[in-house]
Amino acid sequence: DKEAHYCKVLMDDIFGRENFIADICHKSRGSVSNDKIISPNHNHLLLFAKNERIIFSNKSQFGVEKSLEGFNLSDEKGEYKLVPVDGPGGAAKANPYYEFLGVSKYWRFSKERMQRMYEEGLIVKTENSLLQKYYKDKASQSKQTITTWWDDGFYTSSGTIELKQIMDKAVFSSPKPEKLLKRIIETSTQENDLILDFHLGSGTTAAVAHKMGRQYIGVEQMDYIETVAVERLKKVIAGEQGGISKSVHWQGGGSFVYVELKKYNQGFIEQIEAAQDTASLLQIWEQMKAKSFLNYNVDMKRQDEHLEEFKALSLVEQKQHLCELLDKNQLYVNLSSLEDLDFACTEEEKRLNENFYQYRTL
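Given the structure is predicted, the values throughout are model-derived calculations rather than measurements.

Definitions and limits used
- Residues numbered from 1 in each chain as written.
- Predicted model: local features only at pLDDT ≥ 70, side-chain atom pairs only at ≥ 80, totals over all residues.
- Heavy atoms only, no water.
- Helix = DSSP H or I, 4+ residues; strand = E, 2+ residues; numbered from the N terminus.
- Contact = heavy atoms within 4.5 Å.
- Patch = residues over 30% accessible without salt bridge, like charges linked within 9 Å, V, L, I, M, F, W, Y side chains within 5 Å.
- Areas by Shrake-Rupley, 256 points an atom, 1.4 Å probe, with all protein chains shown as cover.
- Salt bridge = Lys/Arg side-chain N within 4 Å of Asp/Glu carboxyl O.
- Pairing = 2+ DSSP bridges.
- Axes fitted to C-alpha atoms, helices over the stretch in contact; angles between N-to-C directions.
- Phe/Tyr/Trp six-rings, centres within 6.5 Å; stacked < 30°, edge-to-face > 60°.
- Lys NZ or Arg CZ within 6 Å of the ring centre and 35° of its normal.
- Core = buried A, V, L, I, M, F, W, Y, C linked by side-chain atoms within 4.5 Å.
- Buried < 20%, exposed > 50% of the residue type's maximum accessible area, 1.4 Å probe, protein only.

**Q** Residue-level account of the environment of F310, with values.
**A** The topology assignment puts F310 in helix α12 (residues 307–311). Separated by 258 residues in sequence, F310 and E52 have C-alpha atoms that sit 57 Å apart. In this structure, F310 is in contact with T278, L282, Q318, H321 and L322, ignoring residues within four places of it in sequence.

**Q** Explain a nonpolar patch on the surface residue by residue, including any values.
**A** A surface patch of nonpolar side chains, about 700 Å² in accessible area, is lined by L194, L196, F198, I217, V219, F356 and Y357. For the nonpolar patch, the secondary-structure elements that each account for two or more residues are β12 (194–197) and α14 (347–357). The topology assignment puts F356 in helix α14.

**Q** Tell me about the sheet that holds strand β5 (residues 78–84), and please be specific about residues and values.
**A** Pairing in this open sheet of four strands is antiparallel, and the strands run β4-β5-β9-β8 from one edge to the other. Two strands close off the open sheet at either side, each with one partner strand: β4 (73–75) and β8 (123–125). Averaged over all pairs of adjacent strands, the angle between strand axes in this sheet comes to 45 degrees, irrespective of strand direction. In this structure, β4 lies alongside β5, joined through three bridges in antiparallel fashion. Bridged to S74 within β5 is E79.

**Q** Outline the packing of aromatic side chains, listing residues and values.
**A** In this structure the tally under the stated criterion is 14 aromatic pairs. Ring centres 6.2 Å apart and planes at 85 degrees place the aromatic pair Y264 and F268 in the edge-to-face group. One aromatic cluster is present, formed by Y264, F268, F293 and F343 through successive ring pairs. Seen from the ring of F56, K59 lies directly overhead, with NZ or CZ sitting 4.4 Å from the centre. The ring of F71 carries the charged tip of K81 above its face, separated from the ring centre by 4.8 Å.

**Q** Go over the nonpolar core with me, naming the residues and quoting the values.
**A** As a rule of thumb, soluble globular proteins bury nonpolar side chains together. Core analysis: the biggest nonpolar cluster contains 16 residues, and I272, I284, M288, L294, L322, L325 and L326 have the highest contact counts within it. Contributions of two or more residues to this core are made by α9 (265–274), α10 (278–291) and α13 (315–325). In this view, L322 contacts I272, L281, W285, M288 and F310; residues no more than four positions away in its chain are not counted. Membership of the second largest hydrophobic core comes to 13 residues, among which are Y80, V103, F109 and M114.

**Q** Residues and numbers for the sheet that holds strand β1 (residues 20–27), please.
**A** Reading across the sheet, the three strands line up as β2-β1-β11 and stay open at both edges, with mixed pairing between neighbours. Single-partner strands in this sheet number two, and they are β2 (42–48) and β11 (149–150). Summarising the sheet, β1 and β11 pair through two bridges and their orientation is parallel. Note that in β11 the partner of C25 across the bridge is W149. Across the sheet, helix α1 (residues 4–15) touches β1 and β2, and the angle it forms with β2 is around 10 degrees.

If you want it as structure tokens, here you go:
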């Protein structure tokens, strides 16, 4: 609650306020926190479209799968059930009022369309009203509209238990449950669509996307991507049966590619962090002067003139000072620098980037 509305304003600026769809409240905990004035138990899912008008014109494909239960009647066209054909909004919703087959009501369709449906055998008269045939195959081709309140047991505590069972031990705090990501992915994508998660964390998004037949790209800068997310996806491919596996009949298979950004200034930061003494840091400084990207306002000559002051600092302060000299926008090698000899990119690295980005080096 403290940040959601600032995020909304920021996203309005990026996507355009007219492309805001909804603020979905996801009930994330069932217990009451007595140390609060009001116990918070929901998260915010801010839903935006790239173009709201396009989404609106295709809204039948936006939502969750419809229940295919209750289609217990059949004819030569297939299984169906009878649903109302009257217009529930009445005059307030501009539903047409007329008599049809002896029944006078507000109807969902115009009289002309009702006549065509009757002639096609789609309108059935009951004792007091009229109903229409709704076929199972048609229901399977569209989605059920969702609401902005998700109270379906998508608790964070469930995600913690779920991941612990999948990984055989506790490896991540407060992961999202797979059912929550299934709802999000099912609502907004089709099979083979591309899912992007810029904060991959424990890998729930990628795991669910994989099980649901979507492509995905996950980005993470913390080291646990190797020990948690990558290992989790290996288990998904092997056919693990946790999370949503049984509900989507997951049996395993597929593949993924794991790559790391080529380090540049990040490599110097890691050397600084690993240094055990001042002498090692001074050697790193010499390398930095020759090869690193320093902040634009760093005067190397002035830094060298104050080496004695630098040596007087504690080891922690020395490390902090050197890190502050580095340009943090150059932690990794940019794609545009692939051919720069200073970065010594191998032919294998060049081919990988060309394939990944569909990019041709000159």
